[in-house]
Each structure stands twice: as structure tokens, then as C-alpha cells.
Amino acid sequence: MTAPLPQRLGSIDELSFAAVLSDLDGVVYRGEEAVPGAVDRFNRWQATGIPYCFVTNNAEKSAEAFAEKIRGLGIDCGAEQVVTSGDVALQYLQGQFSPGDGVYVIGSQSLKDRVRNLGFRLVDMGAAAVLVALDRNFDYSMMTTALGNILDGARLIGTNPDLIRPLADGFEPGAGAIAHSIAVSSGVIPIFLGKPEPEIIQSAIRRMGIAAESSIMLGDKLDTDILASQRAGVRSVFMETGVPLDTRSIVRPDYILARLC
């Protein structure tokens, strides 16, 4: 059976909901610039008592660092209102490996520090796991090191499968592009965390104490944001302010909205 076509909204006010989950890149900001309409809309939700939580596949920074950036745009936000794919990835490491195990991390210094603070050793070789996030310094040497660890038995873990990320003036390759390049060379299937897996959505819902069916999810990627919300039982709103809608995708949002007007 063909999925119903999404409903195009003229305004988010056409929907009734008790809580908001939202992606960041492409929905709240692009690069360092706020997406038009986003700051005003979240401020209105804050003033009327509608809770919101940001769920991002970006694992470059901690929840507090993201909250600081959001506050800098003019939106009230605490660290408890942000869940990152890095948070989910670290929980996975804790559940699957033991303190003292070696981890080869491709990602930001912040992510490496968080891995170390959990008791894991940051290593180049002899790793039990290769953790891949967005790293703008990624190069052939790093791919070779990751390949060597995986061929020796390390597990390949990606914080998220995003292939591209929106910037203020275009797009850049995402963490998924890096993880897939390593996966192709090593012949393994990576374990991806964050969206589209539903755990990151479920974590945000638990923090807000709101039922999934009473919430909405704002996102700009069908195969991560929208799919994750559907898997978690949350109504999905595709925002046209970020990654262009892929009309070839079998994933269909419940609603489409041009901007948070």
C-alpha cells in the first residue's frame, strides 16, 4: 500500500501538540546563522509553556556547548534540552565495552575527551572499537588507521549516517560519508547511532515527560529526522529550510512546512 501524501502546512499553528522535538542544522540554524522564523517561534513556545528538546546527529560538541550556541541565537535552552548522537554513542560504548578498552576516535576533540572521561583509552592501533563522527581533518591516513583496526577485529561505530550537512552558504559532507568510506574499504557494515534510530527521540521524550503521540518532530532529512520520528511514534514535520526534499525517498513525512512562521 502506498503511503499517503504529506499535508503541506501554511503555518505550524495548524497543528495541535503538547511538545516539540527539533533538529538543529537546517531547522534552527545554518552554520552560525539562525534560520528565519525559528528564534521567534521557539520563543513563543517557551512563553506559552510548550516544552521543546533539540535532537541532533551532530556529535562535535557536548549538549551544554550546543545549548550555549542556541542561547546565543536568542532561544532559551539548557543542556538538558539537547540530546546528541554523541550522547547515544557514548551510552552504546558503555554498554558494549569495558573501561580500559581502546577506542580509535575520528571526531572532534570534545568527543575524544568525553570518550576518555568514560575510562576508555584513546589509541591509534589495537582498538576494540572505531568511533566515527564528523571530523573536518579526516584524511587518507586516518582511513588507513581505521581500516587496520577493523581488519584486526575492531567494531565500526558511526555516531550518525548523515551524508551531508547544511551550512549558511551550502552543504558539507557529514559523518556518515566518512563512516561509509571506511565501511566500503573494510567490507563491514557500520553500527550507526543517533537518527534514524529511535533511541535519541525516545530519550528526548522521556526528558520532557510527554507522550510520543502528543509531540511533533521538526527535521530536514527524510532518512534520519523523519524516519526516526516515525519509528518513535512521533508526528513528523519536514522543514524546507535545510536539505532539499528527496522526492525519490520512500520515507514520507506527515507534514511539510516551508518555514516556522
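What counts and what doesn't
The numbers attached to residues start from 1 for each chain and follow its sequence in the written order. In keeping with the model being predicted, local features are shown solely for residues with a pLDDT of at least 70 and side-chain atom pairs are shown and tallied solely at 80 or more, while totals for entire chains, interfaces and linings include all residues. Excluding hydrogens and water, the side-chain values take into account all heavy atoms of the structure. Two strands pair if DSSP finds at least two bridges between them. Working definition: helices are DSSP H or I runs of at least four residues, strands are E runs of at least two. Numbering for both runs from the N terminus. Interaxial angles span 0 to 180 degrees and are taken between N-to-C directions of axes, which are lines fitted to C-alpha atoms, for helices over the stretch in contact. Contact definition: two residues touch when any of their heavy atoms are within 4.5 Å. For Phe, Tyr and Trp, rings pair up if their centres lie within 6.5 Å, where Trp contributes its six-membered ring, and each pair is then called stacked (planes under 30 degrees apart), edge-to-face (over 60) or tilted (otherwise). The cut-offs for exposure are 20% and 50% of the maximum accessible area for each residue type, with area from a 1.4 Å probe on protein chains only; residues under the lower value are buried, those over the upper are exposed, and the others partly exposed. Residues adjacent in sequence count toward polar contacts only when both atoms are side-chain atoms; beyond that, a polar contact is any pair of N or O atoms within 3.5 Å, and within protein one must be able to donate a hydrogen and the other to accept it. For this document, the term salt bridge refers to a Lys or Arg side-chain nitrogen within 4 Å of an Asp or Glu carboxyl oxygen.

Glancing now at the sheet that holds strand β6 (residues 82-84). In space, the 7 strands of this open sheet follow the order β1-β16-β15-β14-β2-β5-β6, with parallel pairing throughout. A strand with exactly one partner marks an edge of an open sheet, and here the two such strands are β1 (7-9) and β6. The average angle at which neighbouring strand axes cross in this sheet is 25°, direction not considered. Taken together, the 3 bridges between strand β5 (residues 52-56) and β6 define a ladder with parallel strand orientation. Each bridged residue has a counterpart across the sheet, and for Phe 54 the counterpart in β6 is Val 82. The strands that helix α8 (residues 222-231) touches are β14 (215-219) and β15 (235-239); relative to β15, the one it contacts most, it runs at about 160°.

The next point concerns the packing of aromatic side chains. For any pair of aromatic rings, the description consists of the separation of the ring centres together with the inter-plane angle of the planes. Counting across every chain of the model gives 5 aromatic pairs. With centroids separated by 5.8 Å and ring planes inclined at 85°, the aromatic side chains of Phe 17 and Trp 45 adopt a geometry described as edge-to-face. Remark: Trp 45 occurs in helix α1 (residues 38-47) and Phe 17 occurs in the loop between β1 and β2 (19-22); sequence separation between them is 28 residues. Of the two residues examined, Phe 17 and Trp 45, each falls in the buried class. Consider the rings of Phe 42 and Phe 54, whose centres lie 5.1 Å apart with planes at 45°: the pair is tilted.

So, about the side chain of Asp 25. Tracing the chain through its elements places Asp 25 in the loop between β2 and β3 (29-30). At 3.0 Å, the side chain of Asp 25 and the side chain of Arg 165 are in polar contact. Residues contacting Asp 25, with those up to four places away along its chain left out, are Thr 56, Asn 58, Arg 165, Pro 166, Asp 220 and Lys 221.

Bringing the sheet that holds strand β13 (residues 191-192) into the picture now. To summarise the sheet geometry, strands pair through backbone hydrogen bonds and adopt either a parallel or an antiparallel arrangement. Here we have 5 strands laid out as an open sheet, ordered β8-β7-β9-β10-β13, and parallel in their pairing. Two strands lie at the open edges of the sheet, namely β8 (121-122) and β13, each paired on one side alone. Two strands pair when backbone bridges link them, and strand β10 (residues 155-158) and β13 are joined in this way by 2 bridges, in the parallel orientation. Of the residues in β13, the one forming a bridge with Gly 158 is Phe 192. Sitting on the sheet, helix α3 (residues 85-96) is in contact with β9 (129-132), β10 and β13, with an inclination near 155° to β10.

Put simply, Lys 195 and Pro 196 share a cis peptide bond, and its omega is 20°. Within the secondary structure layout, Pro 196 lies in the loop between β13 and α7 (199-208).

Next up on the list: the pattern of salt bridges. Two side chains that carry opposite charge are able to pair once their charged atoms sit near each other. According to the stated counting rule, one finds 18 salt bridges in the structure shown. Note that Arg 44 and Asp 40 form a salt bridge whose closest N and O atoms lie 2.9 Å from each other. Here the residue Arg 44 and the residue Asp 40 both occupy positions in helix α1, the gap between them amounting to 4 residues, near one helical turn. Judged by relative accessible area, Arg 44 falls into the partly exposed class, the value being 36%. Its salt-bridge partner being Glu 64, residue Arg 71 comes within 2.9 Å of it at the nearest N-O pair. Arg 71 sits in the partly exposed class, given a relative accessible area of 36%. Overall, the relative accessible area of 37% leaves Glu 64 in the partly exposed class.

Here Gln 96 lies in helix α3. Along the backbone, Gln 96 and Ala 129 are 33 residues apart, and their C-alpha atoms lie at a distance of 9.8 Å. Side-chain polar atoms of Gln 96 contact the side chain of Arg 155, separated by 3.0 Å.

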